[in-house]
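Report on the structure
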Amino acid sequence: MSVDGSRQDGERGPKGSARWWEEGEEPDYRATMANERTFLAWSRTALALLAGALAVLGLGQVGPYGVRLGLACYLIVLAVAATVSGYWQWRVRQRRMRLRQPLGHSTVNATVGLAFLVLAGLVVAAVATGPR
């Protein structure tokens, strides 16, 4: 650590004192582990969405290739969004726990619900345009 309080890697906290994961005090390990399990659940969801994208591309009888490709791309975008969102929520909540702040709430649940409604619409479109 240099004289001005900055670290060798250049990362500083809000007042140059520490990295975000070193601020405050260590939270109860049970809360930390629960937060980590939630992040891992988001990661599993993202992995399932990626597997779904591959499966949709392999189903030749369901609909035209363009519709299946669109659906697969949408699933991939959802997977990336789930990964980023899961990490972001983990980081924000972990920092808040360290600083003994309220965890707050997020609009992620409503956004996920809307994204799955759009996904349902795309699936219906793929099935409706498929061979009969």
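Residues numbered from 1 in each chain as written. Predicted model: local features only at pLDDT ≥ 70, side-chain atom pairs only at ≥ 80, totals over all residues. Heavy atoms only, no water.

Let us look at the side chain of Q94. Here Q94 is to be found in helix α2 (residues 65-98). The class of Q94 is buried, set by a relative accessible area of 7%. Separated by 3.4 Å, the side chains of Q94 and T32 make a polar contact. Looking at Q94, its side chain comes within polar contact range of the side chain of N35, at 3.0 Å. (Helix = DSSP H or I, 4+ residues; strand = E, 2+ residues; numbered from the N terminus. Buried < 20%, exposed > 50% of the residue type's maximum accessible area, 1.4 Å probe, protein only. Polar contact = N/O pair within 3.5 Å; in protein donor to acceptor, adjacent residues only side chain to side chain.)

The N-to-C vectors of helix α1 (residues 29-58) and α2 enclose an angle of 170°; their axes lie 8 Å apart at closest approach. Judged by the angle between their axes, α1 and α2 are roughly antiparallel. Its residues assigned to classes, the contact of α1 with α2 shows 21 nonpolar, 8 polar and 3 charged. (Axes fitted to C-alpha atoms, helices over the stretch in contact; angles between N-to-C directions. Parallel < 35°, antiparallel > 145°, perpendicular 65-115°, else oblique. Nonpolar A, V, L, I, M, F, W, Y, C, P; charged D, E, K, R; others polar.)

Inspection of the secondary structure assignment puts G70 in helix α2. Residue classification places G70 among the partly exposed residues on the basis of a relative accessible area of 36%.

Once that is clear, we can look at the confidence of the model for the protein. Counting all residues, the mean pLDDT for the protein is 82, and 85% of those residues have values of 70 or more. Element-level pLDDT for the protein is lowest in helix α3 (residues 108-128), with a mean of 87, against a maximum mean of 93 in α1. Within the model, pLDDT remains below 50 along residues 1-13, and this stretch shows 18 contacts once partners closer than five positions in the same chain are excluded. (pLDDT = per-residue confidence, 0-100. Contact = heavy atoms within 4.5 Å.)

Our next topic: the nonpolar core. By size, the foremost hydrophobic cluster in this structure holds 16 residues, and its most contacted members are L49, L71, Y74, L75, L78 and L119. Elements with a contribution of two residues or more to this core: α1, α2 and α3. With 7 residues, α2 is the single largest residue contributor to this core. Residues within four places of L119 in sequence aside, it is in contact with L71, Y74, L75 and L78. (Core = buried A, V, L, I, M, F, W, Y, C linked by side-chain atoms within 4.5 Å.)

Let us look at α1. Taking 1.5 Å per residue as the helical rise, α1 with its 30 residues ought to reach 44 Å, and the 43 Å between its terminal C-alpha atoms agrees with that figure. When we look at burial in α1, the residues that qualify are T32, N35, W42, A46, L49, A53 and V56. (Expected span 1.5 Å × (residues − 1).)

Turning to the environment of L47, a few remarks are in order. For L47, the location among the structural elements is in helix α1. Linking L47 and T83, residues 36 residues apart in sequence, is a C-alpha distance of 8.9 Å.

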